[in-house]
There are 2 protein chains.
Amino acid sequence: MFRQITGFSNPTVKYLRSLRDKKHRRREGKFLAEGLRLLTDARENGYLPESVVFAEGRDSHPLLSALITPVHAAGGEIIETTPDILSKITGKDNAQSILGVFPEFDTSLQSVDPASADIWLVAQALRDPGNLGTMLRTGDAVGAGGVILIDDCADPFSVEAVRASMGAIFTQKLVQTRWEEFHPWMQSHDGQLVAASLRDAQPYRAAPYRAPCFVMVGNESQGLPEDYEMACDLRVTMPMRGRADSLNAAVAAAVLSYEVLASLDA
Amino acid sequence: MFRQITGFSNPTVKYLRSLRDKKHRRREGKFLAEGLRLLTDARENGYLPESVVFAEGRDSHPLLSALITPVHAAGGEIIETTPDILSKITGKDNAQSILGVFPEFDTSLQSVDPASADIWLVAQALRDPGNLGTMLRTGDAVGAGGVILIDDCADPFSVEAVRASMGAIFTQKLVQTRWEEFHPWMQSHDGQLVAASLRDAQPYRAAPYRAPCFVMVGNESQGLPEDYEMACDLRVTMPMRGRADSLNAAVAAAVLSYEVLASLDA
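Counting of residues starts from 1 at the beginning of each chain's written sequence and follows it residue by residue. The lettering of chains begins at A and the numbering of ligands begins at 1, in the order of writing. This being a predicted model, a pLDDT of at least 70 is required before a residue's local features are given, and a value of 80 or more before pairs of side-chain atoms are given or counted; all residues contribute to the totals for chains, interfaces and linings. Side-chain calculation: all heavy atoms of the structure are included, whereas hydrogens and water are not.

### Concerning the overall build of chain A
Part 1 of the argument: Runs of H or I in DSSP of at least four residues are treated as helices and runs of E of at least two as strands, each being numbered from the N terminus. When helices and strands are tallied, chain A shows ten helices and twelve strands.
Part 2 of the argument: Against the globule reference of 18 Å for 266 residues, chain A gives a C-alpha radius of gyration of 20 Å, in line with a compact fold.
Part 3 of the argument: Based on the C-alpha atoms only, the size of chain A along its principal axes is roughly 60 × 35 × 30 Å.
Part 4 of the argument: For each residue, the accessible area found with a 1.4 Å probe, counting protein chains only, is set against the maximum for its type, and the residue is called buried under 20%, exposed over 50%, and partly exposed in between. A buried classification covers 56% of the 266 residues belonging to chain A.
Part 5 of the argument: In chain A, once contacts between residues fewer than 6 apart in sequence are set aside, the share between residues at least 24 apart is 79%.
Part 6 of the argument: Working note: accessible area of chain A is about 10900 Å², and carbon and sulfur atoms make up 47% of it.
Part 7 of the argument: Measuring between centres, the 26 positive side-chain charges of chain A sit 6 Å from its 34 negative side-chain charges. Each radius of gyration reported is based on C-alpha atoms, and the globular scaling rule is 2.2 Å times the count of residues to the power 0.38. Note on contacts: a residue pair is in contact if any heavy atoms of the two residues lie within 4.5 Å. Only the protein chains shown count as cover for residues, and all accessible areas are computed by the Shrake-Rupley method using a 1.4 Å probe. As used throughout, the charge tally considers Lys and Arg to be positive and Asp and Glu to be negative, leaving His and the chain termini uncounted. Working definition for charges: the position is that of NZ of Lys, CZ of Arg, CG of Asp or CD of Glu.

Below is the structure:
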């Protein structure tokens, strides 16, 4: 039933490994997601991998059969290999015992209904895949509808971003767009655009948030461009009691989102 | 006045590069910090590097002279090199134009006066250096006294942690200890130990925080051990509206710390 791969130089291993590069992902329209829990989350959200690779012996977990059976039934390939080869594919020591190959999603802005959730996260030119994955994870936690990436962000389908999302890549709506498209879209839909900002901003506690609220943070070193901030409905700032004048972008998004959540619930 | 290094195989380059390894850092008792802004922050907080390495041409910034002059006056070595060699030392493309070599600090628990700040961050077995640096940065932002690392955490003196701290490694008190030492210390000092927890926890909004408040988060995949949580004065939980049951550790610490800050200020 399973195809066995035991050689590092097997062409399938090389192909899977190539999906760690953005260029190859784009060309193939596929990405990798690791871990039994993450793949189970994916399946429960309606995402079945096209193929799975697992390492023999490690987990004879019931979740593993629950995953492999429908993939096989759908005509997907099931590959059994060694833990070392799995590590080679994902580039991580102590790799998870399973990985899946998924088709990339539609990430167009047109697929978003802003009224479908009270909170949305927006990231502009976010360059760190770990921050990006962490924002997806935070979005899931605050019950956001999704994460909207504007301008040149890290690739959300990279192994690092998918890993940091802890499965939220399958639960959050994901959009890739640019300010020139996003800004008119915001203006033509009901929604409040809120920037984490230092310019002409009010304290983030008890600011007048309203749903659907779009919480926007900027690039890790530059922050948001001034004209983007000025186009927002609300600019809010968090206390900075020390020497630094900013928080990590994913941290700022989380502190602000949790405040919005509390405010909308009140 | 400056020593020039133009060769990749220069022994000083090798020595500096070796400080990226924990083993070598421990043996030498030194660590690397990059960037003009970070080194300026360090100087303004009383930390002068033992030596600096800068790349010619890049920045003829007044801050550079403001940094080099006192290091030179204190008998420190000033090394001029190329951007490529700087990148090789720090392992980062587009390296900063300057790096400093600093002696590691005293990180003993005994050096902490809990009454010196209203908030302290505590991390248990935090394995990701980026998360650790981000916690230092958050600590600075909320005006915390410092970050207390318990059990086997990532090395706060790693290049990655120092980088993610954005200079907060020089403004936050940093402690490395173990639970067996930390727990009796907490019991013998005035202070409230608060765990981000799912067990027997109350909502984090409007929980009865009191200063000095020690905000504790656990390992990225395991969370806090149950007996650690049970030893806390307060267990609080953040809403989790999605599928996931936890936040990124540095995010949880930040959301909780900002709530404590607002609560203590009220």
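### Brief notes about the pairing of strand E9 (residues 192-196) of chain B
All names here are of chain B.
Part 1 of the argument: With four of five residues buried, E9 lies mostly within the body of the structure.
Part 2 of the argument: Inspection of the sheet shows E9 paired to strand E11 (residues 213-217) by four bridges, in the parallel sense. Note that in E11 the partner of Leu193 across the bridge is Phe214.
Part 3 of the argument: Two strands qualify as a pair provided DSSP detects at least 2 bridges between them. As paired elements, E9 and strand E12 (residues 234-237) share three bridges and run parallel to each other. Looking at the pairing, Ala196 lines up with Val236 of E12.

### Observations regarding the relation of the copies chain B and chain A
Part 1 of the argument: Copies overlap after least-squares fitting; the atoms used are the C-alpha atoms of residues with pLDDT of at least 70 in both. With an axial shift of 0.0 Å and an RMSD of 0.0 Å, the rotation relating chain B to chain A amounts to 180°. What the superposition gives is, in effect, a two-fold axis relating one chain to the other.
Part 2 of the argument: By residue overlap, the copies meet face to face through one surface: 100% of the interface positions of chain B are interface positions in chain A.

### Things to note about the domain arrangement of chain A
All names here are of chain A.
Part 1 of the argument: Entries for chain A in the domain assignment read domain 1 (3-103) and domain 2 (109-265).
Part 2 of the argument: The centre of domain 1, based on its C-alpha atoms, is set 31 Å off from the matching centre of domain 2.
Part 3 of the argument: Taken together, the contacts link 16 residues of domain 1 with ten residues of domain 2.
Part 4 of the argument: When two parts are brought into contact, each loses some accessible area as probed by a 1.4 Å sphere; the total of that loss over both is the buried area. Around 1200 Å² of area is buried between domain 1 and domain 2 when both sides are counted, 63% of it from carbon and sulfur atoms. Residue ranges for the domains trace back to a domain assignment, done automatically or taken from a database.

### A short note on the sheet that holds strand E3 (residues 51-55) of chain A
Residue and element names in this part refer to chain A.
Part 1 of the argument: Strands sit in the order E1-E4-E3-E5-E2 across an open sheet of five strands; the sheet is mixed. With one partner strand each, in any of the chains shown, strand E1 (3-4) and strand E2 (30-34) form the two edges of the open sheet.
Part 2 of the argument: Bridge count between E3 and strand E5 (residues 98-103): four bridges; the pairing is antiparallel. For Phe54, the partnering residue across the bridge sits in E5 and is Ile98.
Part 3 of the argument: Geometry is summarised by axes, namely lines fitted to C-alpha atoms with helices restricted to the contacting stretch, and by angles between N-to-C directions that run from 0 to 180 degrees. Strands E1, E2, E3, strand E4 (77-81) and E5 of the sheet are contacted by helix H1 (residues 11-18), whose axis makes an angle of about 95° with E2.
Part 4 of the argument: Packed on one face of the sheet, helix H3 (residues 36-44) meets E2, E3 and E5 and runs near 35° to E5.

### Considering the pairing of strand E3 (residues 51-55) of chain B
Residues and elements named next belong to chain B.
Part 1 of the argument: Burial analysis of E3 places five of its five residues in the buried class, the great majority of the element.
Part 2 of the argument: Sheet analysis places E3 next to strand E4 (residues 77-81), joined by five bridges and oriented parallel. Bridge pairing in E4 links Phe54 to Glu80.

### Some words on the interface of chain B and chain A
Part 1 of the argument: Between chain B and chain A, the residue contacts involve 34 residues of the former and 34 residues of the latter.
Part 2 of the argument: Buried area between chain B and chain A, summed over both chains or domains, comes out near 2900 Å², and the portion from carbon and sulfur atoms is 49%.
Part 3 of the argument: A side-chain nitrogen of Lys or Arg and a carboxyl oxygen of Asp or Glu constitute a salt bridge if their distance falls within 4 Å. Our enumeration of links across chain B and chain A arrives at ten salt bridges.
Part 4 of the argument: One salt bridge in this structure joins A:Glu259 and B:Arg205, with 2.8 Å as the shortest N-O distance.
Part 5 of the argument: Counting of polar contacts relies on pairs of N or O atoms within 3.5 Å, with two restrictions inside protein: one atom must be capable of donating a hydrogen and the other of accepting it, and residues adjacent in sequence are counted only when both atoms are side-chain atoms. Inspection of the chain B/chain A interface yields 22 residue pairs in polar contact (both at pLDDT 80 or more).
Part 6 of the argument: Among the elements of the structure, helix H3 (36-44), helix H6 (129-141) and helix H10 (249-265) of chain B are those that each provide at least two residues to the side of chain B that touches chain A.
Part 7 of the argument: Looking at the side of chain B that touches chain A, the element that brings in the most residues is H10(B), giving nine residues.
Part 8 of the argument: Looking at the side of chain B that touches chain A residue by residue, the class counts come to 15 nonpolar, eight polar and eleven charged. When residues are grouped by polarity, Ala, Val, Leu, Ile, Met, Phe, Trp, Tyr, Cys and Pro land in nonpolar, Asp, Glu, Lys and Arg in charged, and all others, Gly among them, in polar.

### Regarding the pattern of salt bridges
Think of it this way: side chains of opposite charge can pair up when their charged atoms draw near.
Part 1 of the argument: In total, this model carries 36 salt bridges over all chains according to the counting rule given.
Part 2 of the argument: Residues B:Glu44 and A:Arg243 are paired through a salt bridge, measuring 2.7 Å at the closest nitrogen-oxygen approach. Of the two residues, B:Glu44 sits in helix H3 while A:Arg243 sits in the loop between strand E12 (234-237) and helix H10 (249-265), which places them in two different chains.
Part 3 of the argument: Note on B:Glu44: relative accessible area 48%, which makes it partly exposed.
Part 4 of the argument: Within the structure, one salt-bridge network assembled from shared partners comprises A:Arg25, A:Arg26, A:Glu104 and A:Asp155.

### A word on the sheet that holds strand E1 (residues 3-4) of chain B
Residues and elements named next belong to chain B.
Part 1 of the argument: Taken together, five strands build an open sheet; the order of strands is E1-E4-E3-E5-E2 and the sheet is mixed. The open sheet has two edge strands with one neighbour each: E1 and strand E2 (30-34).
Part 2 of the argument: Pairing between E2 and strand E5 (residues 98-103): five bridges, direction antiparallel. Along E5, the bridge assignment pairs Glu34 with Leu99.
Part 3 of the argument: Together, E2, E3 and E5 form the strand contacts of H3, whose direction differs from that of E5 by roughly 35°.

### A few points about H3(A)
Residues and elements named next belong to chain A.
Part 1 of the argument: Buried residues of H3: Leu36, Leu38, Leu39, Thr40, Asp41 and Ala42, and no others.
Part 2 of the argument: Where H3 is buried, its residues meet E2, E3, helix H4 (62-73), E5 and helix H7 (159-165).
Part 3 of the argument: Residue Gly46 follows H3 closely and has a positive phi angle near 90°.

### Re the packing of H3(B) against helix H4 (residues 62-73) of chain B
Residue and element names in this part refer to chain B.
Part 1 of the argument: As a packed pair, H3 and H4 sit with axes 10 Å apart at the nearest point and diverge in direction by 50°. Of the possible angle classes, the one that applies to H3 and H4 is oblique. Classified by chirality, the crossing of H4 by H3 is left-handed. When H3 is examined against H4, the residues Leu36, Leu39, Thr40 and Arg43 are found in contact with a partner set consisting of Leu63, Leu64, Ala66, Leu67 and Pro70.
Part 2 of the argument: Partitioned by chemical class, the residues of the contact of H3 with H4 number seven nonpolar, one polar and one charged. Here roughly perpendicular refers to angles of 65 to 115 degrees, roughly parallel to angles under 35, roughly antiparallel to angles over 145, and oblique to all remaining angles. Crossings are assigned a handedness: left-handed for a near helix turned anticlockwise from the far helix by less than a right angle, right-handed for a clockwise turn.

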